[in-house]
Amino acid sequence: MRLEQQPAYVLHARPYRETSLLLECLTREQGRLGVVARGVRGERARLRRAQLEPFQPLAVDLLLRGELATLTAVETVGAPTRLPGDAGLAGLYLNELVVRLTGRQDPYPRLFDAYARTLARLAAGELLAWSLRRFERDLLEAIGYGLQLQHDADSGEPLEAAARYRYHVEHGAVRCAANTPHALRGSDLLALGHDSMPDAHGLKTLRDLMREVIRFHLGGSELRAWRVLATAVSARKAPPG
């Protein structure tokens, strides 16, 4: 099957044979695809390697046969996306999330749109923590694991901002005592559901919640990006010398 002018982003690339690359791409209409880019590592590369960097909006032509597609043409769309410093690390986190939590050839148009929005937010310098929480929420919703952020899972009553809740991944938010381990403020769950940024304490507790949820859907395993981000933060806090 030939696919032409497909909106796409490169999530990951690794060498393949002598002059090619094996790419993981997120496309809007076909979902995540494994793509062979032939001849892009040679001195006379037909497709410029620079066009296949992560975070850049692309239009690609593909020949899809079975598990893998072959890249036949690529062009960049619009201005290049610049993600310096921590924004670049955050972008790599997005890419790992998508690769680990989606299957190949499962279309998720809403996920593609959320990914594009998040890259724009990172490039614009918006607060990284909030940008990542919004993307995690939207990714889980798009792939069918959306969080329950409006009602108590036991009583069915609306969440109360002043109450405390424990979030159970397969069940939802359940009211609990304030001193319960991993308790969340109702106001923070509501903020995430209403797309309204909480305070610094809320962002931290939502980060912990999202890691718990993501770890559950990964079968208990960790993301490499979590360690990379933690190392980067620790290095900035270390005293000079």
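Residues numbered from 1 in each chain as written. Predicted model: local features only at pLDDT ≥ 70, side-chain atom pairs only at ≥ 80, totals over all residues. Heavy atoms only, no water.

*Asks:* Got a sec to walk through the sheet that holds strand S4 (residues 58-65)? Specific residues and values, please.
*Replies:* The strand order around the closed barrel built from five strands is S1-S2-S3-S5-S4, with neighbouring strands paired in mixed fashion. Across the sheet, the mean angle from the axis of one strand to that of its neighbour is 55 degrees, orientation sign disregarded. Note: S4 against strand S5 (residues 68-76), eight bridges, orientation antiparallel. Directly across from Leu62, in S5, lies its bridge partner Leu71. The strands touched by helix H1 (residues 85-101) are strand S1 (2-16), strand S2 (20-27) and strand S3 (31-37); relative to S1, the strand with the most contacts, the crossing angle is about 105 degrees. Packing against the sheet, helix H2 (residues 109-123) makes contact with S1 and S2, and its axis sits at approximately 65 degrees to S1. (Pairing = 2+ DSSP bridges. Helix = DSSP H or I, 4+ residues; strand = E, 2+ residues; numbered from the N terminus. Axes fitted to C-alpha atoms, helices over the stretch in contact; angles between N-to-C directions. Contact = heavy atoms within 4.5 Å.)

*Asks:* Break down the packing of H2 against helix H3 (residues 128-142) for me, with residues and values.
*Replies:* Working note: a packed helix pair is described by the angle between its axes plus the distance between those axes. Relative orientation of the contacting elements H2 and H3 amounts to 175 degrees, with a least axis distance of 9 Å. Considering their axes alone, H2 and H3 lie roughly antiparallel with respect to each other. Along the contact surface, H2 presents Arg110, Leu111, Ala114, Tyr115, Arg117, Thr118, Arg121 and Leu122, while H3 presents Leu128, Ser131, Arg134, Phe135, Asp138, Leu139, Glu141 and Ala142. Across the contact of H2 with H3, the residue classes tally to eight nonpolar, two polar and six charged. (Parallel < 35°, antiparallel > 145°, perpendicular 65-115°, else oblique. Nonpolar A, V, L, I, M, F, W, Y, C, P; charged D, E, K, R; others polar.)

*Asks:* How would you summarise H2 if you had to cite specific residues and measurements?
*Replies:* Counted at 1.5 Å a residue, the expected span for H2 with its 15 residues is 21 Å, and the 21 Å between its end C-alpha atoms agrees. What H2 keeps buried is the set Leu111, Phe112, Ala114, Tyr115, Thr118, Leu119, Arg121 and Leu122. Where H2 is buried, its residues contact S1, S2, H1 and H3. At the exit of H2 stands Gly125, carrying a positive phi of roughly 85 degrees. (Expected span 1.5 Å × (residues − 1). Buried < 20%, exposed > 50% of the residue type's maximum accessible area, 1.4 Å probe, protein only.)

*Asks:* Lay out the pattern of salt bridges with the relevant residues and their values.
*Replies:* Under the defined criterion, the tally for this structure stands at 17 salt bridges. The salt bridge involving Asp188 is made with Arg185; its shortest N-O contact spans 2.8 Å. Both residues of the pair, Asp188 and Arg185, count as buried. Residues joined by salt bridges that share partners form a network here, namely Arg117, Arg134, Arg137, Asp138 and Asp195. (Salt bridge = Lys/Arg side-chain N within 4 Å of Asp/Glu carboxyl O.)

Everything listed here is a matter of geometry and, on its own, says nothing about what the molecule does.
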